[in-house]
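Structural description and commentary
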Amino acid sequence: NALAAARDAERLLGATDAVSARLAALRGKLNDTPLDLQDACNGTGSAADEAVPFAIAMVARAPELPEATLLSAINVGGDTAAVGAMVGAMLGGLHGASAFPAEWTENVEDGPAIRAEALALIEALGG
């Protein structure tokens, strides 16, 4: 689970428990509104201990609704680029790029280069 993975990573890196503590605090709050989750994370800035737990919580709330989940996450405010990238990546990993409207992916800055790198990674991993 995400909490155990965060604790393991913090231990391996010799980092504080900032991310895992926020993830633990979010337990039982997944049905709260996105703004309440943002408050529980002490914001949604670019700091990992804010953005990462919030992004994980948003995906955990409604992984079956990729468009609505991504829009809800970025509409909360804060560092929308970081939060949007994480939530989009997690949902894309779960559902594939086709889970999002084509116009969302067609106009991504450096989209062709990003796609080429993703395909190269897939190939390198034996996919």
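Residues numbered from 1 in each chain as written. Predicted model: local features only at pLDDT ≥ 70, side-chain atom pairs only at ≥ 80, totals over all residues. Heavy atoms only, no water.

**Description of unusual backbone geometry**
Positioned with a positive phi, N42 is a non-glycine residue whose angle comes to about 65 degrees. Checked against the element boundaries, N42 lands in the loop between α3 (34-40) and α4 (48-61). By relative accessible area, N42 is classed as exposed at 52%. (Helix = DSSP H or I, 4+ residues; strand = E, 2+ residues; numbered from the N terminus. Buried < 20%, exposed > 50% of the residue type's maximum accessible area, 1.4 Å probe, protein only.)

**Considering the packing of aromatic side chains**
According to the stated counting rule, one finds one aromatic pair in the structure shown. Between F100 and W104 the ring centres are 5.9 Å apart and the planes differ by 25 degrees, which places this aromatic pair in the stacked class. (Phe/Tyr/Trp six-rings, centres within 6.5 Å; stacked < 30°, edge-to-face > 60°.)

**Describing helix α8 (residues 111-124)**
For α8, which comprises 14 residues, the first-to-last C-alpha distance of 20 Å matches the rise-based estimate of 20 Å (1.5 Å per residue) to within 8%. Within two residues after α8, G126 carries a phi angle of roughly 90 degrees, on the positive side. (Expected span 1.5 Å × (residues − 1).)

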